[in-house]
Amino acid sequence: MYVLCTEELKSAEQILKGLFPESLKVYGCLYNINRGKPYNWEVIADSWPDFRAIICKPKHQSRQDYQDREGDCNMCHIYAKDKGSLQKLLGTSGLLDWSQFTLLAGVDSKHLDAVKELAACKNTPTETELVMFVMTLEDASHLKDPESDLASRLKPLTTAHAELVNSQWKHGSSKSSYNSIVSYISNYPSLCVTAEDGTPVSWLLLYHHSALGLLYTSPEHRRKGHARLLVTTMVKALLEQGRPVYSFVEEDNLVSYSLFTSLGFSHKPDYRAVWFQLNPR
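Residues numbered from 1 in each chain as written. Predicted model: local features only at pLDDT ≥ 70, side-chain atom pairs only at ≥ 80, totals over all residues. Heavy atoms only, no water.

Here we look at the overall build of the protein chain
To be explicit about the condition: Counting from the N terminus, the helices are DSSP H or I runs at least four residues long and the strands are E runs at least two residues long. To sort residues, take the accessible area from a 1.4 Å probe on protein chains only and compare it with the maximum for the residue type: under 20% means buried, over 50% means exposed, and anything in between is partly exposed. Each accessible area value is a Shrake-Rupley result obtained with a 1.4 Å probe; residue values ignore everything except the protein chains displayed when judging cover. All tallies of charge rest on Lys and Arg as positive and Asp and Glu as negative; His and the ends of each chain are not included. Charge positions come from single atoms, namely NZ of Lys, CZ of Arg, CG of Asp or CD of Glu.
Of the regular secondary structure elements, the protein chain holds ten helices and 13 strands. Each principal axis of the C-alpha distribution contributes one length, and for the protein chain these read about 55 × 40 × 35 Å. In the protein chain, which comprises 281 residues, the proportion classed as buried is 53%. Approximately 13,000 Å² of the protein chain is accessible, and the part contributed by carbon and sulfur atoms is 49%. Treating the 30 positive side-chain charges of the protein chain as one cloud and the 32 negative ones as another, the clouds have centres 1 Å apart.

Here it is as structure tokens:
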């Protein structure tokens, strides 16, 4: 295995840019690493420069009280050109601790049997957590400008809103998830729609791997166009900044799927990204 240094990380970003959508999650990680955004990853390839598999994994954390959700979950972001290369990299001695909980995020569903086979050889129990569509936007020219009455209530989130966002996040309500949200808000673009008193009633953030996420609208404010406004406004801003634009949508989340497809997002028909647990909690 080969640990990438600063210049190699930049080269890997450019290579992965030509391998969308399968490479998007690792590309999004590298995009932020290469622009100085703080995160505790090391990036490892099976070889260099002609790599066929690459993984972003947490470095050792000595201060548990500062750990965010991705570190707490031991979340690894993965891209591989074929399942044999993925199996070989994951099986490299010292890459993973097969005795502890690990979340392999973004495994190509077509490669999953190779990961299961490797886990079985190591007597490691496994569980599929999520299966996702990877929604991308090829053409944003048709996106309409937001309505002026709602647009006047748009503003970025601040870290003072982190507890509110954490309380409504599917993966929230813990100290590590709160730390994640503080980091998202501090380092990446975010948007919310506020009530008259300034309290956020709908919001959208970016993950460390650059995907749109944590989209939420409080029940009493739904079906008023808030989510559509947030996604449209955020996408236009991201494109102007040259950032990647994509989102993961769970296969059974018909509401989010309908929203993103109505805005012009699409997914590769035969590609799914799987969140796969080793030693499930």
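What follows picks up the thread again.
Looking at the packing of helix α4 (residues 83-90) against helix α5 (residues 112-121)
Counted only if it meets this: Axis lines are fitted to C-alpha atoms, over the contacting stretch for helices. Their N-to-C directions set the angle, which ranges from 0 to 180 degrees. For classification purposes, angles smaller than 35 degrees are called roughly parallel, those larger than 145 roughly antiparallel, those between 65 and 115 roughly perpendicular, and all remaining angles oblique. Note: crossing handedness is left-handed where the near helix turns anticlockwise from the far helix by less than a right angle, and right-handed where it turns clockwise. Contacts were defined at the residue level, with two residues in contact if any of their heavy atoms lie within 4.5 Å. Lys, Arg, Asp and Glu make up the charged group, whereas Ala, Val, Leu, Ile, Met, Phe, Trp, Tyr, Cys and Pro make up the nonpolar group; the residues left over, Gly among them, are polar.
The contact between α4 and α5 brings their axes to 8 Å, and the two run at 30 degrees. On the basis of their axis angle, the class for α4 and α5 is roughly parallel. Classified by chirality, the crossing of α5 by α4 is right-handed. Contacts from Lys-83, Leu-86, Gln-87 and Leu-90 in α4 reach Asp-113, Ala-114, Val-115, Glu-117 and Leu-118 in α5. Considered class by class, the residues forming the contact of α4 with α5 number five nonpolar, one polar and three charged.

Focus: the nonpolar core
Inside soluble globular proteins, nonpolar side chains tend to come together where they are buried. We apply this condition: We define a nonpolar core as any set of buried Ala, Val, Leu, Ile, Met, Phe, Trp, Tyr and Cys residues linked to one another through side-chain atoms lying within 4.5 Å.
Counting 44 residues, the largest nonpolar core has Leu-16, Ile-54, Ile-181, Leu-205, Leu-214, Phe-248 and Trp-275 as its most contacted members. A total of six residues in this core trace back to one element, the largest contributor, which is helix α2 (residues 24-33). When near neighbours in sequence (up to four residues on either side) are disregarded, Ile-54 contacts Leu-4, Ala-12, Leu-16, Val-26, Val-43, Ile-44, Ala-45, His-77, Ile-78, Tyr-79 and Leu-89. Of all hydrophobic cores here, the second largest spans 27 residues; its members include Ala-227, Leu-229, Leu-230 and Val-249.

Here's the deal with the environment of His-208
Among the secondary structure elements, His-208 is positioned in the loop between β9 (200-206) and β10 (212-217). Assessed through its relative accessible area of 0%, His-208 is described here as buried. With 28 residues separating them along the chain, His-208 and Ser-180 place their C-alpha atoms 8.8 Å apart.

A closer look at the packing of helix α1 (residues 6-17) against α2
For the pair α1 and α2, the least separation of the axes is 9 Å and the interaxial angle reads 145 degrees. The interaxial crossing formed by α1 with α2 has left-handed handedness. Mapping the contact onto sequence places Leu-9, Ala-12, Glu-13, Leu-16 and Lys-17 in α1 and Val-26, Tyr-27, Leu-30, Tyr-31 and Ile-33 in α2. Looking at side-chain class alone, the contact of α1 with α2 contains eight nonpolar, no polar and two charged residues.

Comments concerning the UniProt feature "domain: N-acetyltransferase" (unreviewed entry) in the protein chain
Defined as follows: UniProt positions are given in the numbering used here, feature names are shortened, and annotations may be inferred rather than shown by experiment.
With numbering matched to this structure, UniProt assigns "domain: N-acetyltransferase" (unreviewed entry) to residues 152-281. Between the first and last C-alpha atoms of residues 152-281 the distance is 44 Å; the span itself is 34% helix and 25% strand.

Looking at the side chain of Thr-194
Relative to the helices and strands, Thr-194 is located in strand β8 (residues 191-194). Residues contacting Thr-194, with those up to four places away along its chain left out, are Arg-153, Lys-155, Thr-199, Pro-200 and Val-201.

Some thoughts on the packing of aromatic side chains
For clarity, the threshold we go by: Each Phe, Tyr or Trp ring (for Trp, its six-membered ring) is paired with any other whose centre lies within 6.5 Å, and the angle between the two planes then decides the class: stacked below 30 degrees, edge-to-face above 60, tilted in between. A positively charged side chain is recorded as over a ring if its NZ (Lys) or CZ (Arg) lies within 6 Å of the ring centre. The angle to the ring normal must also be within 35 degrees.
If you walk through the whole model with that rule in mind, you get ten aromatic pairs. Measuring from ring centre to ring centre gives 6.3 Å for Trp-169 and Tyr-184, while their planes differ by 70 degrees; the resulting arrangement is edge-to-face. Note that Trp-169 is positioned in the loop between α7 (162-168) and α8 (175-187) and Tyr-184 in helix α8, a separation of 15 residues in sequence. Neither Trp-169 nor Tyr-184 differs from the other in exposure class; each is buried. Chaining the aromatic ring pairs together yields one cluster made of Phe-20, Tyr-27 and Tyr-31. Of note, Arg-35 hangs over the ring of Tyr-31, and the distance from its end group to the ring centre comes to 3.6 Å.

Focus on the side chain of Ser-85
Following the sequence through the fold, Ser-85 ends up in helix α4. Look past the residues within four positions of Ser-85 in its chain and what remains in contact with it is Asp-46, Arg-52 and Ala-53.

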